[in-house]
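A structural walkthrough
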Amino acid sequence: INIADERGVIAAEFDAADGGSARQHGLEGEDEVGDGAECGESPHMPGAGVGGAGIRDDPISNNQVSEQSSSSPHNNEFKSPYLKPYMAATIVDPRLDMIKPSQWTNVSKDDEFLRSILKLYFLYEYHFFSAFHKDLFLDDMLSGSTEFCSSLLVNAVLAISCNCCRNLDDRTQFWDPHTLGYKFAAEARRLWELEVLDRCSVTAVQAAMMMNVTYNLYAMDKVGMVYDAQAVALARELKLFDTVQWRTKREWVGYGFTAWSLYFWREMLSPVFTSSLERSTSNADARP
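Residues numbered from 1 in each chain as written. Predicted model: local features only at pLDDT ≥ 70, side-chain atom pairs only at ≥ 80, totals over all residues. Heavy atoms only, no water.

1. What to know about the side chain of Ser150
As a reminder, the rule being used: Helix and strand assignments follow DSSP, with helices taken as H or I runs no shorter than four residues and strands as E runs no shorter than two, numbered in order from the N terminus. In this scheme, a residue with accessible area under 20% of its type's maximum is buried, one over 50% is exposed, and one in between is partly exposed, where area comes from a 1.4 Å probe on protein chains only. Any pair of N or O atoms that falls within 3.5 Å is considered a polar contact. Within protein, one atom must be able to donate a hydrogen and the other to accept it, and sequence-neighbouring residues count only if both atoms are side-chain atoms.
Mapped onto the fold, Ser150 is located in the loop between helix H6 (134–143) and helix H7 (151–161). Taking relative accessible area as the criterion, Ser150 reaches 5% and is therefore assigned buried. A polar side-chain atom of Ser150 sits 3.5 Å from a polar atom in the side chain of Thr203.

As structure tokens, then:
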């Protein structure tokens, strides 16, 4: 094996007969190498020595590498979120601290509690299925506008929000009319009868999707699929799936978001409720 560097050439011959021992035959540039060659260290390759035992390699141990990598500030920055409990997370949005949900529902007037369960909804449920645009919803709830917020939609959202609150011990007893989730769902259904008969709105489409989710969670999917069919019928009446010229960008975002949400929801349900979807779509005039 010939090992060459800029200072000289070392010719080492490995003899297989004596177990691979090396005999040094020549060294050029010996005066230029200096003390580094005498102590077995190469001046150009720290930790690699030349001697009777051949070439020595002294790598850093795996423990040292892991300690260095774990102590790196860059790695700790990405590792930090994984070391925190998920239940310690919270939603940070100034609007959630300013809204007054009690103005949109008759079930409860405790704004602090209503805000807390809305935060839990946006933390746990909203990312799984978003039937409405969060920013437009909160902006209109704060300003009092009914373009993308309504009492029907707020009660439908609060009904699902109760399922996210661990402080409500009876939240799984959906059949009990005394539970808060039942009351919000009943209020949403009452408002549904009034609003849908009166006018067609995008918030009604969104509320129908939310009520579909609620009844599916309550193992009442036969009732829930009727709301799904109503959502499709209302969306077609509003021409959500048609190419239309919206008046404002805000309207384009809100209506487009709702159309894609409805499409996603039906596509996700189709493998599970294929026959139910076909029946509910063909009988869109059925009342919940």
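2. A short note on the packing of helix H8 (residues 180–198) against helix H9 (residues 202–217)
Spelled out, the test is: In this analysis, axes come from line fits to C-alpha atoms, helices being fitted only over the stretch in contact, and the angle between any two N-to-C directions falls in the range 0 to 180 degrees. In this scheme, a crossing is called left-handed if the near helix is turned counterclockwise away from the far one by less than a right angle; it is called right-handed if the turn is clockwise. In what follows, a contact means two residues having at least one pair of non-hydrogen atoms within 4.5 Å.
Between H8 and H9, whose axes approach to 11 Å, the crossing angle comes to 145°. Where H8 crosses over H9, the two elements pack in a sense that is left-handed. The residues of H9 that touch H8, namely those facing Ala188, Arg189, Trp192 and Glu195, are Thr203, Ala204, Ala208, Met211 and Tyr215.

3. Looking at helix H11 (residues 249–269)
The condition that has to hold: Expected span of a helix, by definition, is 1.5 Å for each gap between consecutive residues, and there is one gap fewer than residues. Arc definition: it is the arc formed by the directions from the helix axis to the C-beta atoms.
End to end, H11 covers 30 Å across 21 residues, agreeing with the expected 30 Å (1.5 Å per residue, within 8%). For H11, the set of buried residues is Glu251, Gly254, Tyr255, Thr258, Ala259, Ser261, Leu262, Trp265, Arg266 and Leu269. One side of H11 holds all its buried residues, which, seen down the axis, span an arc of 160°. With respect to the buried face of H11, the exposed residues turned more than 90 degrees away are Lys249, Trp252 and Trp260.

4. Some words on the environment of Leu120
Along the chain, Leu120 falls in helix H5 (residues 111–124). For Leu120, a relative accessible area of 22% corresponds to the partly exposed category. Not counting the four nearest positions on each side in its chain, Leu120 is found in contact with Glu125, Cys164 and Cys165.

5. Quick look at the environment of Ser130
Following the sequence through the fold, Ser130 ends up in the loop between H5 and H6. Spatially, the C-alpha atoms of Ser130 and Thr258 are 8.6 Å apart, while their sequence positions differ by 128 residues. Excluding residues that lie within four positions of it along the chain, Ser130 makes contacts with Phe257 and Ser261.

6. Regarding empty space enclosed by the protein
For clarity, the cut-off: The definitions used throughout rest on a 1 Å grid laid over the protein atoms alone, on which a cavity is an enclosed set of points accommodating a 1.4 Å probe that cannot get out and a pocket is an open set flanked by protein within 12 Å on both sides along at least five of seven lines; lining residues are those having an atom within 4 Å of a point. Grid points are joined across faces, edges and corners, and a volume is the space filled by probe spheres set on the points. Gly counts as polar in this scheme, as do all residues outside two lists: the nonpolar Ala, Val, Leu, Ile, Met, Phe, Trp, Tyr, Cys and Pro, and the charged Asp, Glu, Lys and Arg.
Using the criterion set out here, one finds three cavities of 30 Å³ or more in the structure. Here the largest cavity is characterised by a volume of approximately 60 Å³. In this structure, the largest cavity is lined by Cys162, Asn163, Leu168, Asp170, Arg171, Gln173, Phe174, Thr179, Leu180, Gly181, Tyr182 and Tyr218. Split into classes, the residues belonging to the lining of the largest cavity amount to six nonpolar, four polar and two charged. The computed volume of the second largest cavity comes to approximately 50 Å³. For the second largest cavity, the full set of lining residues is Tyr121, Glu125, Phe128, Phe129, Ile160, Met210 and Val213.

7. Let's talk about the pattern of salt bridges
Selection rule: Salt bridge, as applied in this entry: a Lys or Arg side-chain nitrogen positioned within 4 Å of an Asp or Glu carboxyl oxygen.
Tallied over the full model, the rule gives nine salt bridges. As a salt-bridge pair, Asp135 and Arg95 come within 2.7 Å of each other at their nearest N and O atoms. Of this pair, Asp135 sits in helix H6 while Arg95 sits in the loop between helix H4 (73–79) and H5; the two residues are 40 residues apart in sequence, bridging distant segments of the chain. Its salt-bridge partner being Arg266, residue Asp228 comes within 2.3 Å of it at the nearest N-O pair. Taken together, the residues span a long stretch of sequence, with Asp228 in helix H10 (residues 221–237) and Arg266 in helix H11 at a distance of 38 residues. Several salt bridges share partner residues, and in doing so they unite Asp93, Arg95, Lys134, Asp135 and Asp139 into one network.

8. Regarding the packing of aromatic side chains
Keep this limit in mind: A pair of aromatic rings is counted whenever rings of Phe, Tyr or Trp (Trp by its six-membered ring) have centres within 6.5 Å, and the orientation is called stacked for planes under 30 degrees apart, edge-to-face for over 60 and tilted otherwise. Note on criteria: charge over ring means Lys NZ or Arg CZ within 6 Å of the ring centre, with the direction from the centre no more than 35 degrees off the ring normal.
The final tally for this structure, using the stated rule, is 15 aromatic pairs. Residues Phe174 and Trp175 carry aromatic rings whose centres are separated by 5.2 Å and whose planes lie at 80° to one another, so their mutual orientation is edge-to-face. Of the aromatic side chains, those joined through ring pairs into one cluster are Tyr121, Phe122, Tyr126, Phe132 and Phe137. Taking the ring centre of Phe122 as reference, the NZ or CZ of Lys134 above it sits at 5.7 Å.

9. Some words on the nonpolar core
We count it as follows: What we call a nonpolar core is a set of buried Ala, Val, Leu, Ile, Met, Phe, Trp, Tyr and Cys residues that are connected through their side-chain atoms within 4.5 Å.
Ranked by internal contacts, the top residues of the largest apolar core, which has 60 residues, are Phe122, Phe132, Phe137, Val205 and Met210. Among the elements of the structure, H5, H6, H7, H8, H9, H10 and H11 are those that each provide at least two residues to this core.

Limitation: the analysis is restricted to geometry and does not speak to function.
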